[in-house]
Amino acid sequence: MKYNSIKGFRDIFGKDADIFTFIEDISKKIFKKYNYQEIRIPTVEMVELFTRSIGETTDIVEKEMYVFEDKGKRKIALRPEGTAGVVRSFIENNISQKYPSQKFFYTGQMFRQERPQAGRFREFMQIGCEYFSNASVYADVEVVLLANEILETAGVADKKVEINFLGCEKCRENMIESIKNICKERFNELCDDCKRRSEKNPLRVLDCKIDGDKFKDIKIELCEECGNKFENFKIELKKTGIEFYVSNKLVRGLDYYTDVVFEITSGDLGSQNAVCAGGRYDNLVHELGGPQTSAVGFAIGIDRLAEIVSNNSSQKIVFGALDVFVISFGEGKTLNCGFDVLTKLREEGVSTDGAYFNKSLKAQMRLADSLNSKYVLIIGDEEIKKDKIILRDMSGKVQKEIQIKNIIEEVKNVTSRTIKNNL
Ligand code: ATP
Ligand code: MG
């Protein structure tokens, strides 16, 4: 019997796994710099949490959610996104009252049963954040800056930030009215999904991959207050130097957004080119039973960002990137010495590996090379007799003999030099 992974699910290993880790590491550093605290939330939640927050007539809830019944006959869903769970936790743990920080980031798997294709998986990773209890325009600007900094640090050169403003209830009603009018005029041209959406949830028509473009010139009138808020947001965002575009048809595929929404796409991706999406959702905490609380956040798709990093030749992520590979031979003294050196180096914090098998020098050198080891230590019978070990610098292909008693100090010196140079 041969087992394969399930359609839309995949294994990530080797350099790809290193790229995921790289993205998570730089993101966490940047989140910390902006004073966001980590929150880890469950992978499963009650189905209603998502139907209430994301919206019953959205694609995610209607078609994409993994829903099942557990042994207690509870209706449970694998989380399709992170915001709903973070908001549930925010309310349940009374975070607005009991916890000093109102800024959180999360990372983890999300699940959506959509058609698998390049850049679209059924299990994918997101890293995102939620900034609660601050309705200021600077909170909006902060999250856009933060998302932009993560993408820039990851090396995304070709990116486009698009923004829009959904406004208050009255503004959204106007928007829905305009969409309904266009839908009426062009009803026969709409796909079956949009024919249905135009009645049940007209905003979602703008997200449609087939019909969305028919609405790209849609003009939305915001009320005076919302118009001013949007202008203010644009002024403040402009001051940061971030280049951005206003897109009237950007509404995002979830129902909870109010006011500012944004999306970042990259020309380095194929047709699934959205790498980050977010916005303000000032009503969700209250709608889910919490106090009236403003909130703004975003989510970055790590799988798509990883694809950009992987294709980016100027972003050098070296698979393995070991400091030292220890080559030793035989069963007895040399192998013992090799293992001893290897253990001591690890104790000193030097990343070290070695092969505990009797392969030829050539085979072990090849392995060290494919693991991208910066240095190799060669311990052979001849060297042991002289109480010496060969230290080889793999970049310059130069080597020298070192006294065994000095080896740990010497390796620590050279590796800390290369580590410093790489920072
Ligand atoms: P799309 O329009 O591509 O379907 P979305 O609007 O459904 O995206 P969000 O729910 O806003 O996406 O999620 C934020 C980010 O998560 C997206 O910009 C994307 O990078 C990533 N993402 C969403 N769905 C998937 C998926 N099925 N596979 C991989 N990444 C995804
Ligand atoms: Mg989607």
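Residues numbered from 1 in each chain as written. Chains lettered and ligands numbered in written order. Predicted model: local features only at pLDDT ≥ 70, side-chain atom pairs only at ≥ 80, totals over all residues. Heavy atoms only, no water.

*Asks:* Any chance you could explain the site of ligand 1 here in plain terms?
*Replies:* The environment of ligand 1 is made up of 16 residues, and the closest members are R112, E114, F121, R252 and A274. A distance of 2.7 Å is found between an oxygen atom of ligand 1 and a side-chain nitrogen or oxygen belonging to R112. The contact in question runs from an oxygen atom of ligand 1 to an N or O atom on the side chain of R304, over 3.0 Å. About the coverage of ligand 1: the protein hides 90% of its 580 Å² of free accessible area. If you list the elements that add at least two residues to the shell around ligand 1, you get β6 (123–132), β10 (274–280) and β11 (295–301). With four residues, the single largest contributor to the shell around ligand 1 is β10. The residue makeup of the shell around ligand 1, split by class, is seven nonpolar, three polar and six charged. (Near = heavy atom within 4 Å. Polar contact = N/O pair within 3.5 Å; in protein donor to acceptor, adjacent residues only side chain to side chain. Areas by Shrake-Rupley, 256 points an atom, 1.4 Å probe, with all protein chains shown as cover. Helix = DSSP H or I, 4+ residues; strand = E, 2+ residues; numbered from the N terminus. Nonpolar A, V, L, I, M, F, W, Y, C, P; charged D, E, K, R; others polar.)

*Asks:* Is there a simple way to explain the packing of aromatic side chains in this structure?
*Replies:* Counted according to the given criterion, the structure contains twelve aromatic pairs. The interplanar angle of 20 degrees and the centroid separation of 6.2 Å between the aromatic rings of F31 and F298 together place this pair among those described as stacked. Taken together, the residues F31 in helix α1 (residues 15–33) and F298 in strand β11 connect sequence positions 267 residues apart. Considering the side-chain rings of Y36 and Y131, the 6.0 Å spacing of their centres and the 85 degrees angle between planes classify their relative orientation as edge-to-face. Within this pair, whereas Y36 is found in the loop between α1 and β1 (37–38), its partner Y131 is found in strand β6, the two being separated by 95 residues in sequence. (Phe/Tyr/Trp six-rings, centres within 6.5 Å; stacked < 30°, edge-to-face > 60°.)

*Asks:* Before we go on, may I ask you to explain the sheet that holds β1 in this structure?
*Replies:* What links the strands of a sheet is backbone hydrogen bonding, and the strands pair in either a parallel or an antiparallel sense. The strand order across the open sheet built from eight strands is β1-β5-β6-β11-β10-β9-β7-β8, with neighbouring strands paired in mixed fashion. The two strands at the open ends of the sheet, each matched to only one other strand, are β1 and β8 (244–246). With five bridges connecting them, β10 and β11 associate as antiparallel partners. Bridge pairing links A277 to A299 in β11. Set on the sheet, helix α4 (residues 83–92) makes contact with β5 (103–111) and β6; between it and β6 the angle comes to about 40 degrees. (Pairing = 2+ DSSP bridges. Contact = heavy atoms within 4.5 Å. Axes fitted to C-alpha atoms, helices over the stretch in contact; angles between N-to-C directions.)

*Asks:* What's the story with the side chain of T57 in this structure? I'm lost.
*Replies:* Within the secondary structure layout, T57 lies in the loop between α2 (47–54) and α3 (59–64). Reaching out from T57, the side chain makes a polar contact with the side chain of N201 at a distance of 2.8 Å. Every residue in contact with T57, bar those within four places of it in the chain, is listed here: E62, K200, N201, R204 and D255.

*Asks:* How should I be thinking about the sheet that holds strand β2 (residues 44–46) in this particular structure?
*Replies:* Taking strand neighbours across the sheet as the criterion, the three strands line up as β2-β4-β3 in an open arrangement whose pairing is antiparallel. Two strands in the sheet have a free side with no partner beyond their single neighbour: β2 and β3 (67–69). Strand-to-strand twist of the sheet, defined as the mean angle between neighbouring strand axes without regard to direction, takes the value 40 degrees. In this structure, β2 lies alongside strand β4 (residues 75–78), joined through three bridges in antiparallel fashion. Across the sheet, M46 pairs through a bridge with I76, a residue of β4. Contacts from α2 reach β2, β3 and β4 within the one sheet, and its direction differs from that of β2 by about 75 degrees.

*Asks:* Before we go on, may I ask you to explain the packing of helix α6 (residues 137–154) against helix α9 (residues 224–239) in this structure?
*Replies:* Helix-helix packing: each pair is described by the crossing angle between the helix axes and the interaxial distance. The N-to-C vectors of α6 and α9 enclose an angle of 50 degrees; their axes lie 10 Å apart at closest approach. It follows from the interaxial angle that α6 and α9 lie oblique. In the crossing of α6 with α9, the sense of the turn from one axis to the other is right-handed. The segment α6 lies against α9, with V137, Y138, D140, V141 and V144 engaging N232, F233, E236 and L237. For the contact of α6 with α9, a count of residues per class yields six nonpolar, one polar and two charged. (Parallel < 35°, antiparallel > 145°, perpendicular 65-115°, else oblique. Left-handed = near helix turned anticlockwise from the far one by under 90°.)

*Asks:* I would appreciate a short explanation of the pattern of salt bridges in the present structure.
*Replies:* When the charged atoms of two side chains with opposite charge come close together, those side chains can pair. Considering all chains together, one arrives at 35 salt bridges under this definition. Measuring nitrogen to oxygen at the nearest pair gives 3.0 Å for the salt bridge that ties K344 to D340. Separated by four residues within a single helix, K344 and D340 lie in helix α12 (residues 333–347), roughly one turn from each other. K344 sits in the partly exposed class, given a relative accessible area of 36%. On the basis of relative accessibility, which here comes to 39%, the residue D340 falls in the partly exposed class. The residue K385 makes a salt bridge to E382 at a minimum N-O spacing of 3.5 Å. Of the two residues, K385 and E382 both sit in helix α14 (residues 381–385), three residues apart, roughly one turn of that helix. The exposure classification of K385 matches that of E382, with both residues exposed. Residues participating in the shared-partner salt-bridge network are D59, E62, K63, D193, R196, R197 and K200. (Salt bridge = Lys/Arg side-chain N within 4 Å of Asp/Glu carboxyl O. Buried < 20%, exposed > 50% of the residue type's maximum accessible area, 1.4 Å probe, protein only.)

*Asks:* Help me out: how do you make sense of helix α8 (residues 192–200) in this one?
*Replies:* For an α-helix the count is 3.6 residues per turn, leaving residues at separations of three or four pointing the same way. Along α8, the positions that sit buried rather than exposed are C194, R197 and S198. Projected down its long axis, α8 carries its buried residues within an arc of 105 degrees, all on one side. Residues of α8 that are exposed and angled more than 90 degrees away from the buried face: D192, E199 and K200. Packed against the buried residues of α8 are α3 and α7 (169–185). (Arc of directions from axis to C-beta.)

Bear in mind that shape data such as this cannot, by itself, settle questions of function.
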